[in-house]
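What follows is each chain in one-letter form.
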Amino acid sequence: MSVARRAHSYPQVTLTAADLVDTPVISAPSSITVSDALRLSRRRHARVLACGAGTHVLTDDLARAAALGLGDLGAAEVERPLPVVEAEAPELRVRRALGDGAPLVIVRGPSGGAIARGPAPRAVSLVARVNAALSVAMREALAAVTRVAAAHGARAFLAGGLVRDLWRGDTNAARDLDVV
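Here we summarise the structure given alongside this text.

What follows is about the overall build of the protein chain. Within the protein chain, the regular secondary structure consists of 6 helices and 9 strands. Within the protein chain, the proportion of its 180 residues that are buried is 33%. Look at the contacts in the protein chain between residues 6 or more apart in sequence, and 50% of them connect residues 24 or more apart. Summing over all exposed atoms, the protein chain offers an accessible surface of approximately 11,000 Å²; the carbon and sulfur share of this is 54%.

Structure follows, in structure tokens:
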């Protein structure tokens, strides 16, 4: 367990749009039909297809068009405008776009893809990730630190690389505890 030192510089966790990507963007020819695009997206487990430059089509929209008997229509005809951000953009830009109602956000760049919003916006709870990743002994140590801090009228927070790694979904995160 580490203790934070006053006037010591600690690295900050700065999430970018690329860190939030949770679904691939599959490329398809601009001439692809709704039926073919739907088959491709289902086969590749994609929620969005790029059908030509700047044209993004949601798999849900393709399924609706196919259900309406529009399978021979060009997939690009059912595109909808989606927010596009660079991979290095702050994660807050993505969260704001999703909060404003975008079904997903396209991330352009080397770790490109898309950040999809589920049926309802998800609250990310690190408590469950911490509990799943830490041993019983480490959880007990954190509980002891919390009790000591509360006895002194303070609060204790888990910080550092472990939090960053768990936030990013790395279950093999470092096992040292940094508490502030």
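Following the structure, the description resumes.
Take the sheet that holds strand β4 (residues 56-58) next. Spatially, the 3 strands line up as an open sheet ordered β2-β3-β4, and their pairing is mixed. Pairing within the sheet leaves two strands with one partner each, and these edge strands are β2 (25-28) and β4. The sheet shows a mean angle of 30 degrees between the axes of neighbouring strands, taken without regard to direction. Sheet strands in contact with helix α2 (residues 59-67) are β3 (48-51) and β4, and its direction is about 65 degrees off that of β4.

Our focus in this paragraph is the side chain of Asp-61. Relative to the elements of secondary structure, Asp-61 occurs in helix α2. Filtering out sequence-adjacent residues up to four positions away, Asp-61 remains in contact with Val-78 and Arg-80.

What follows concerns helix α5 (residues 136-151). Under the 1.5 Å per step criterion, the end-to-end length of α5 is 23 Å for 16 residues, consistent within 8% with the ideal 22 Å. Here α5 has its buried residues at Met-138, Leu-142, Val-145 and Ala-149. Relative to the axis of α5, the buried residues are bounded by an arc of 60 degrees and lie together on one face. Counted as exposed and oriented over 90 degrees from the buried face of α5: Ala-137, Glu-140, Arg-147, Ala-150 and Ala-151.

Let us look at the pattern of salt bridges. Across all of its chains, the model carries 5 salt bridges by this definition. With its nearest N and O atoms 2.7 Å apart, the salt bridge here joins Asp-61 to Arg-80. Here Asp-61, found in helix α2, pairs with Arg-80, found in the loop between α2 and β5 (84-86); they are 19 residues apart in sequence, far enough to count as distant. Among the ionic pairs, Glu-86 bridges to Arg-108, the shortest N-O distance being 2.8 Å.

Our next topic: a nonpolar patch on the surface. A contiguous nonpolar patch, built from Leu-68, Leu-70 and Leu-73 and spanning about 270 Å² of accessible area, is present on the exposed surface. Position of Leu-68 among the secondary structure elements: in the loop between α2 and β5. Assessed through its relative accessible area of 66%, Leu-68 is described here as exposed.

Looking now at α2. Of the residues making up α2, those classed as buried are Thr-59, Asp-61, Leu-62 and Ala-65. Projected onto a plane normal to the axis of α2, the buried residues spread over an arc of 160 degrees and lie on a single side. Looking at the buried positions of α2, the neighbouring elements they touch are α1 (34-43), β3 and β4. Just downstream of α2, Gly-69 is the residue with a positive phi angle, here 80 degrees.

Let us now look at unusual backbone geometry. A negative phi angle characterises most non-glycine residues, just as the trans form characterises most peptide bonds. Despite not being glycine, His-45 shows a phi value in the positive range, around 55 degrees. As for its placement among the helices and strands, His-45 is situated in the loop between α1 and β3.

What counts, and at which threshold
- Residues numbered from 1 in each chain as written.
- Predicted model: local features only at pLDDT ≥ 70, side-chain atom pairs only at ≥ 80, totals over all residues.
- Heavy atoms only, no water.
- Helix = DSSP H or I, 4+ residues; strand = E, 2+ residues; numbered from the N terminus.
- Buried < 20%, exposed > 50% of the residue type's maximum accessible area, 1.4 Å probe, protein only.
- Contact = heavy atoms within 4.5 Å.
- Areas by Shrake-Rupley, 256 points an atom, 1.4 Å probe, with all protein chains shown as cover.
- Pairing = 2+ DSSP bridges.
- Axes fitted to C-alpha atoms, helices over the stretch in contact; angles between N-to-C directions.
- Expected span 1.5 Å × (residues − 1).
- Arc of directions from axis to C-beta.
- Salt bridge = Lys/Arg side-chain N within 4 Å of Asp/Glu carboxyl O.
- Patch = residues over 30% accessible without salt bridge, like charges linked within 9 Å, V, L, I, M, F, W, Y side chains within 5 Å.

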